[in-house]
Amino acid sequence: MQTKTTQLEIIENLHLKSKPVGDQIPFGTVMTDYMFSMDYEEGKGWHSPKIEPYAPITLDPAAMIFHYGQTVFEGLKAYRTADDRILLFRPDENFKRLNLSSERMSIPPVDEKLILEYLKELVSLEKDWVPGTKGTSLYIRPFIISTEPKLAVSPSRQYKMMILLAPVGSYFPGGLTPVVIHAEDSFTRAVKGGTGMAKTAGNYSAAYQAQAAAKEAGKADVLWLDGIEKRYIEEVGSMNIFFKIDGEVVTPAMNGSILHGITRKSVIELLESWGMKVSQRKIAIDELFDLYEQGKVEEVFGTGTAAIVSPVGELSWKERTMKVNNGEIGELSQKIYDTITGIQNGSVEDTFNWTVEVE
Ligand code: COI
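Predicted model, so just to flag it, every value in this text is computed and none were measured.

1. A closer look at the packing of aromatic side chains
For the structure shown, the criterion picks out eleven aromatic pairs. Look at Phe 89 and Trp 354: their rings are 5.7 Å apart centre to centre, the planes differ by 80 degrees, and that puts the pair in the edge-to-face class. On the criterion of sequence distance, the pair formed by Phe 89 in strand 6 (residues 86-89) and Trp 354 in the loop between helix 8 (331-344) and strand 17 (355-358) is long-range, its members being 265 residues apart. Summarising the burial analysis for this pair, Phe 89 and Trp 354 share the class buried. Seen in terms of ring centroids, Phe 242 and Phe 301 are 5.0 Å apart; in terms of plane orientation they differ by 5 degrees. Their pairing is stacked. Taken together, the positions of Phe 242 in strand 11 (residues 240-245) and Phe 301 in strand 14 (residues 297-304) put the pair 59 residues apart, joining distant regions of the chain. The ring of Tyr 232 carries Lys 282 above its face, with NZ or CZ at 4.3 Å from the centroid. Stacked on the ring of Trp 274, the Lys or Arg Lys 335 has its end atom at 4.1 Å from the ring centre.

Structure follows, in structure tokens:
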């Protein structure tokens, strides 16, 4: 917890960069002028929070992050409204999830309320970096790394938390164009009891080999199945997954190896507020293909902070392929996308109190 030095230090950046124009920046490639950092030491707690000019950091080559990957991260966004206000979307949920991931990875928790105040200071300072054109936002990447220089396998006694900001357009090139994905039946992303529900680096890099093969075959991403039977649908890695089957919305139930998506949670709350039934249950890939063959799979879409709501136009598994809604965005996916992005950018009334304004 933040126990000792809670006073935020702000160090001015005298060399501000020019800001990119438009929404064509490849996701996460341009960072803003400032970053946030604070440090942790056993016995002292989290201390020395500061906002300082964006720059490389120096770490001891023996820092434990390099050897055992003890790290967690988050992803959230700030949006510019038509009347130039800046809104964060459910940031409290992100810091709650950060602490959940940290618990799994034996990293000390942060004070969720205090860190939100620091984030607001950072975003307020970088307001001009929040893009305003359709489909754009300022992506926020908080993360914690283990920094103690030691080669023994045990939790680090020192950490660094940082927050970076990056103006972004859509995560998948092509924006709302439905993506083509492939259900992976040989590699495993996560298993029950592992770290699948934590937002930790290894879950993502473990997916690279399968992603590369999928990309080679012209697919945008991989749909992960459970690690034991390779049968039950889990998530896409960059997003949670939903199916509209015969009028009902179905999404895999949380099982310990699926990320607790905040957009997932929001979409469920939204659909329920519209009186729609959402079943969070086990869904097998063969069951899904059978339902498709009976003409019952109406829409498929992914949800995530980076991906927002991403329609799936085609899904393949082994030798079977389903073309969803003729490869076009479905009516429900479009309505969810419009409502979620509308709440995020202030054009739809936020009856859920999900947004937090940055002054
Ligand atoms: C996010 O959606 O914020 C994530 O962290 C997923 C990542 C693949 C960009």
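From this point, the discussion proceeds with the structure in view.
2. Looking at the site of the ligand
Lining the immediate surroundings of the ligand are Phe 73, Gly 75, Tyr 139, Arg 141, Tyr 171, Lys 199, Ser 238, Thr 305 and Ala 306. Within the backbone of Thr 305, one N or O atom sits 3.4 Å away from an oxygen atom of the ligand. Take Ala 306: an N or O atom from its main chain is 2.8 Å from an oxygen atom of the ligand. Surface burial for the ligand is 90%, taken as the share of its 280 Å² of free accessible area covered by protein chains. Tallied by class, the residues present in the shell around the ligand amount to four nonpolar, three polar and two charged.

3. Side note on the pairing of strand 5 (residues 76-80)
By the criterion of burial, strand 5 is predominantly enclosed, with four of the five residues buried. Pairing between strand 5 and strand 6: three bridges, direction antiparallel. Its bridge partner lying in strand 6, Arg 80 is registered against Ile 86. Between strand 5 and strand 6, which pair antiparallel and follow one another directly, the connecting turn spans five residues, one of which, Asp 84, has a positive phi of 65 degrees.

4. Side note on the domain arrangement of the protein chain
With domains assigned, the protein chain is organised as domain 1 (9-168) and domain 2 (179-345). Inter-centroid distance (C-alpha atoms) of domain 1 to domain 2 is 27 Å. Across the contact, 24 residues belong to domain 1 and 22 residues belong to domain 2. Where domain 1 touches domain 2, the interface holds two salt bridges. Between Arg 90 and Glu 269 there is a salt bridge whose closest N-O contact spans 3.5 Å. Taken together, the elements giving at least two residues each to the side of domain 1 that touches domain 2 come down to strand 4 (71-73), strand 5, strand 6 and helix 2 (91-104). Per-element tally for the side of domain 1 that touches domain 2: the top contributor is helix 2, with six residues. Residues belonging to the side of domain 1 that touches domain 2 are distributed by class as follows: eleven nonpolar, six polar and seven charged.

5. Topic: the packing of helix 6 (residues 262-273) against helix 8
Between helix 6 and helix 8, the least distance of the axes is 11 Å, while the angle of their chain directions is 110 degrees. On the basis of their axis angle, the class for helix 6 and helix 8 is roughly perpendicular. Residue-level inspection shows Ser 266, Val 267, Leu 270 and Leu 271 of helix 6 in contact with helix 8, the latter providing Leu 332, Ile 336, Thr 339 and Ile 340.

6. Remarks on the environment of Lys 150
Considering the arrangement of structural elements, one finds Lys 150 in the loop between strand 7 (137-146) and strand 8 (158-168). With 83 residues separating them in the primary sequence, Lys 150 and His 67 have C-alpha atoms 9.1 Å apart. When near neighbours in sequence (up to four residues on either side) are disregarded, Lys 150 contacts Ala 62, Met 64, Tyr 68 and Arg 157. Polar side-chain contacts of Lys 150 include one of 3.1 Å to the side chain of Ser 154.

7. What about the environment of Thr 58?
With respect to the helices, strands and loops of the structure, Thr 58 is situated in the loop between strand 3 (45-53) and helix 1 (65-68). A C-alpha to C-alpha distance of 41 Å links Thr 58 and Gly 342, two positions 284 residues apart in sequence.

Reading the values: rules and limits
- Position numbers for residues count from 1 along each chain, tracking the sequence in the order it is written.
- Given that this is a predicted model, residues contribute local features only at a pLDDT of at least 70 and side-chain atom pairs are listed and counted only at 80 or more, while totals for whole chains, interfaces and linings are drawn from all residues.
- Here the side-chain values reflect all heavy atoms present in the structure, with hydrogen atoms and water set aside.
- Centres within 6.5 Å make a pair out of two Phe, Tyr or Trp rings, where for Trp the six-membered ring is used; the pair is then stacked when the planes are under 30 degrees apart, edge-to-face when over 60, and tilted otherwise.
- By the criteria applied, helices consist of DSSP H or I runs no shorter than four residues and strands consist of E runs no shorter than two, each listed in order from the N terminus.
- Three labels apply to residues, based on accessible area from a 1.4 Å probe with only protein chains included: buried if under 20% of the type maximum, exposed if over 50%, partly exposed otherwise in between.
- Only lysine NZ and arginine CZ atoms are considered, and such an atom sits over a ring when it is within 6 Å of the ring centre and within 35 degrees of the ring normal.
- We call a residue near a given molecule or strand whenever any one of its heavy atoms falls within 4 Å of it.
- Think of a polar contact as two N or O atoms within 3.5 Å of one another; within protein, one of them needs to be a possible hydrogen donor and the other a possible acceptor, and neighboring residues in sequence only count if both atoms come from side chains.
- The method behind every accessible area is Shrake-Rupley, applied with a 1.4 Å probe, and residues are considered shielded solely by the protein chains displayed.
- For this classification, the nonpolar set comprises Ala, Val, Leu, Ile, Met, Phe, Trp, Tyr, Cys and Pro, the charged set comprises Asp, Glu, Lys and Arg, and every other residue, Gly included, is treated as polar.
- Two strands are said to pair when DSSP picks up at least two bridges between them.
- Boundaries of every domain are those given by an automatic assignment or by a domain database.
- Contacts are assigned to residue pairs with any non-hydrogen atoms lying within 4.5 Å of each other.
- A pairing counts as a salt bridge when a side-chain nitrogen of Lys or Arg comes within 4 Å of a carboxyl oxygen of Asp or Glu.
- Axis geometry follows a simple rule: fit a line to the C-alpha atoms, using only the stretch in contact for helices, then measure angles between N-to-C directions, giving values from 0 to 180 degrees.
- Relative orientations are named as follows: roughly parallel for angles under 35 degrees, roughly antiparallel for angles over 145 degrees, roughly perpendicular for angles from 65 to 115 degrees, and oblique for any other angle.

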